[in-house]
Amino acid sequence: MSEERSLNFLEEIIENDLKSGKYQSIVTRFPPEPNGYLHMGHATSICLNFGLTKKYPGYTNLRFDDTNPVTEETEYVESIKEDVQWLGFEWKNLRFASDYFDQLFEFAVKLINKGLAYVDDSTSEEIAQQKGTPTEPGVNNQYRDRSIEENLRLFNEMKNGKYPDGAKVLRAKIDMAHTNMLMRDPIIYRIKHAHHHRTGDKWCIYPMYDFAHGQSDSIEEVTHSICTLEFIPHRELYDWLIEKLEIFPSHQYEFARRNLNYTVMSKRKLLQLVNENHVDGWDDPRMPTISGMRRRGYTPEAIRDFCERVGIAKREILLEFSLLEFCVREHLNKIALRRMVVFDPIKVVITNWTNEVEMLQIEDNPEDENSGAREVPFSGELYIEREDFMENPPKKFFRLFPGGMVRLKGAYIIKCDEVVKDDAGNITQLNCTYIPESRSGNDTSGINVKGTLHWVSIKESISAEIRLYDRLFQVEDPSSEEGDFKSYINPNSLQLLTNVHAEPALKNAKFTDRFQFLRKGYFCLDKDSHGRLVFNKTVGLKDAWAKEVKKGS
RNA sequence: UGUUGAGUAGUGUAAUGGUAACAUACCAGUCUUUGACACUGGUGUUGAUGGUUCAAGUCCAUCCUCAACAACCA
């Protein structure tokens with residue numbers, strides 16, 4: 001906290017509220033609807049809401065906004081809880097809007113008694129038509145003038161199941177000519193003979209968002225109800241209902257939703273990707289869901305850091321994925337165990353090597369003094385990466401080439417003496433000699449080489465599968481492009497390497513481990529690893545050579 | 001043609017009438033037993049036009065652009 005940072009607009013509001021004595025402590029809430037998995041956009045909201053009550057006195061509730069029984073499921077409740085905890089946050093109270101259905105019903109009765117709500121028999125089409133347009137006022141209908149007694153009777157009958165879905169609704173009686181369309185007598189209760197994941201069949205009428213969210217905030221005495229920009233027009237109704245109901249005055253504040261480029265972030269679109277099998281479920285590592293990012297190997301620390309760096313504002317933004325990747329690398333660099341894996345092998349024979357296997361100690365993580373070392377077997381028959389050798393190297397290529405020397409990471413300097421090819425002219429083997437005095441750690445050879453390569457000893461190496469991921473979409477903002485967003489899916493977002501050669505220490509890989517495969521990137525064990533090793537690429541290393549190559553082409 | 005909100009380097013975020021800053025991205029270089037990491041330097045910014053002021057990203061006026069709003073979704 002020693003770092004100085006200017007306050008964002010919400011922190012400013014809160015500090016003022018605290019300073020003025022309006023509140024001694026604050027209450028926020030994270031209010032997901034349990035109808036899908038959490039994604040990066042939710043992570044923003046989670047970090048914001050929970051972060052605020054970490055910084056200031058107070059607490060945060062996790063409240064499920066479960067007012068629509070037809071779309072909501074318990075499966076989602078569980079995944080959401082898991083994701084919030086995984087991100088590193090603890091809620092004070094776990095609540096459901098459905099916990100408040102009785103109170104909400106009483107609130108509605110109170111509104112009716114005050115002459116501020118009425119039962120409307122119109123169809124949804126009629127209601128839409130009477131509503132007017134943003135530029136034309138709406139009109140009153142005949143049901144608007146029903147007596148309080150009649151409204152009470154009808155509303156109770158709705159509750160008691162006398163009417164079928166859609167036959168009647170309860171509406172707040174505000175102003176059909178209001179410039180804010182949400183104030184044109186909004187529907188606050190509708191009939192749905194549907195089974196609710198928590199209340200079962202107790203209710204056949206359910207409150208609408210606007211008559212549940214603010215009221216739930218108020219019941220929980222939420223001081224700062226933070227939501228996204230699209231709810232700005234709802235604020236007027238939010239305040240109106242709280243005022244007329246004479247309940248705890250929660251206040252709503254809006255900030256901008258954050259989008260990431262090269263992906264989509266709406267639940268509807270993510271659901272389509274899952275249902276139409278464009279990805280392998282909600283936790284596919286290419287998905288911007290929390291569970292997808294978790295499976296991909298992103299850490300909670302990295303995601304929190306990202307949210308912190310991005311800050312908050314009141315305008316729609318499209319964030320660059322590269323910043324998220326930076327945060328991921330930044331954290332992983334500090335904690336990842338270094339390992340060597342050869343993706344596309346070429347055989348190296350050390351012609352002056354004896355037949356023995358030498359066990360080398362190589363550090364787990366040079367960034368972490370407390371990390372240990374693992375044993376890596378070195379022998380006369382090795383694999384190196386095919387792309388680390390060139391027969392006719394360009395300038396600035398400081399890997400292996402005929403007559404050239406490189407260091408093998410943690411081992412010896414070798415010199416390439418001979419290139420062996422098959423009849424078709426393909427390189428099948430490199431014959432090299434090693435410099436015995438050049439062993440890593442006590443190199444007395446005096447030789448300076450420019451390049452260091454990763455390698456594995458053939459005989460001791462183990463086999464693994466690697467899944468390489470690229471961006472899910474080929475365009476920055478698929479949602480704003482013409483036509484179906486799915487036509488912009490990147491067909492090469494998943495690349496499978498089914499037989500890579502890994503150093504033996506990887507045999508003991510655990511699901512919680514994070515690895516850096518030297519010169520390749522960051523990887524983690526995938527949940528598909530039973531009886532075999534499957535690694536997901538979390539993010540690559542920055543690759544200056546790749547840039548050099550690109551420039552040359 | 002309505003209401004509401006928003007416009008600051010490529011991308012984000014600051015500067016609350018007083019040197020337009022920070023991060024990332026990008027470019028160039030240094031270092032390196034990971035072409036990683038680290039380090040050094042650089043390119044690049046107030047939507048427009050007027051006005052007030054010694055001084056304007058900030059205040060005022062006009063204009064322009066973008067977004068949200070007419071679900072018995074949240």
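Remember, predicted model here, so these are calculated numbers, not experimental data.

1. A look at the overall build of chain A
In terms of regular secondary structure, chain A is built from 13 helices and 27 strands. For chain A, whose C-alpha radius of gyration is 31 Å, the value lies well above the compact-globule estimate of 24 Å for 553 residues. Dimensions of chain A, computed from the C-alpha atoms along their principal axes, are close to 100 × 55 × 40 Å. For chain A, the computed accessible surface area is about 25,900 Å², with 47% contributed by carbon and sulfur atoms.

2. Here we look at the pattern of salt bridges
For the coordinates displayed, the defined rule picks out 47 salt bridges. A salt bridge links Arg295 to Asp283, with the nearest nitrogen and oxygen atoms 3.2 Å apart. In this pair, Arg295 sits in helix 10 (residues 290–296) while Asp283 sits in the loop between helix 9 (267–275) and helix 10, placing the two residues twelve residues apart along the sequence. Asp283 shares its class with Arg295; the two are buried.

3. Concerning the pairing of strand 4 (residues 117–120)
Of the two faces of strand 4, the one lined by Ala117 and Val119 and the one lined by Tyr118 and Asp120 are each fully buried. Relative to strand 5 (residues 169–172), strand 4 runs antiparallel, the two being bridged by four bridges. In the sheet register, Tyr118 faces strand 5, and the bridge partner there is Arg171.

4. What to know about the domain arrangement of chain A
When cut into domains, chain A gives domain 1 (23–255), domain 2 (267–337 + 464–552) and domain 3 (341–454). Spacing between the C-alpha centres of domain 1 and domain 2 amounts to 36 Å. Across the interface of domain 1 and domain 2, roughly 1,900 Å² is buried in total on both sides, 71% from carbon and sulfur atoms. Contact with domain 2 buries area across many residues of domain 1, yet Tyr37, Met40 and Trp86 alone supply 36% of it, more than any other trio. At the junction of domain 1 with domain 2, the criterion picks out two salt bridges. Across the contact surface, domain 1 and domain 2 share five residue pairs in polar contact (both at pLDDT 80 or more). Listing elements by their share of the side of domain 1 that touches domain 2, those giving two or more residues are helix 2 (40–55), helix 3 (74–86) and strand 9 (251–255). Ranked by residue count, the leading element in the side of domain 1 that touches domain 2 is helix 2, at six residues. Taken together, the residues of the side of domain 1 that touches domain 2 sort by class into twelve nonpolar, six polar and four charged.

5. Regarding the sheet that holds strand 4
The four strands lie next to each other as 4-5-6-7, forming an open sheet whose pairing is antiparallel. The two strands at the open ends of the sheet, each matched to only one other strand, are strand 4 and strand 7 (205–207). Here the strands of the sheet are splayed against their neighbours by 20° on average, with no regard to which way each runs. Its contacts with the sheet place helix 4 (residues 101–113) against strand 4, strand 5, strand 6 (187–191) and strand 7, and it is angled at close to 120° to strand 6. Contacting strand 4, strand 5, strand 6 and strand 7, helix 6 (residues 148–159) crosses the sheet at an angle of about 60° to strand 4.

6. Examining helix 13 (residues 544–552)
Burial analysis of helix 13 places just zero of its nine residues in the buried class, which makes it a mostly uncovered element. You can read the cap of helix 13 off the contacts: a side-chain oxygen lies 3.1 Å from the backbone nitrogen of Trp545, and it is on Asp543.

7. Quick look at the pairing of strand 9
When a strand is regular, its side chains alternate between the sheet's two faces. Within strand 9, four of the five residues are buried, which leaves it mostly tucked inside the rest of the structure. Two strands pair when backbone bridges link them, and strand 8 (residues 224–228) and strand 9 are joined in this way by five bridges, in the parallel orientation. Residue pairing for strand 9: Ser225 is matched across the bridge by Gln252. On the question of chirality, the crossover connecting strand 8 to the parallel strand 9 by way of helix 8 (residues 234–245) is right-handed.

8. Focus: the protein's contact with RNA strand B
Around RNA strand B, the structure places 63 residues, and the nearest of them are Glu12, Arg315, Glu320, Arg338 and Gln516. Counting only the atoms of RNA strand B that lie within 4 Å of the protein, the sugar and phosphate share comes to 61%. Contacts to RNA strand B include Leu318, whose backbone N or O atom sits 2.8 Å from a phosphate oxygen. Breaking the surface near RNA strand B down by element, the ones donating at least two residues are helix 5 (124–130), strand 6, helix 11 (300–310), strand 11 (317–319), helix 12 (321–335) and helix 13. At four residues, the largest contribution of residues to the surface near RNA strand B is made by helix 13.

Rules used in this analysis
Residues numbered from 1 in each chain as written. Chains lettered and ligands numbered in written order. Predicted model: local features only at pLDDT ≥ 70, side-chain atom pairs only at ≥ 80, totals over all residues. Heavy atoms only, no water. Helix = DSSP H or I, 4+ residues; strand = E, 2+ residues; numbered from the N terminus. Rg over C-alpha atoms; globule rule 2.2 N^0.38 Å. Areas by Shrake-Rupley, 256 points an atom, 1.4 Å probe, with all protein chains shown as cover. Salt bridge = Lys/Arg side-chain N within 4 Å of Asp/Glu carboxyl O. Buried < 20%, exposed > 50% of the residue type's maximum accessible area, 1.4 Å probe, protein only. Pairing = 2+ DSSP bridges. Domains from an automatic or database assignment. Buried area = accessible area lost by both parts, 1.4 Å probe. Polar contact = N/O pair within 3.5 Å; in protein donor to acceptor, adjacent residues only side chain to side chain. Nonpolar A, V, L, I, M, F, W, Y, C, P; charged D, E, K, R; others polar. Axes fitted to C-alpha atoms, helices over the stretch in contact; angles between N-to-C directions. Contact = heavy atoms within 4.5 Å. Right-handed = clockwise from strand over helix to strand, strands pointing away. Near = heavy atom within 4 Å.

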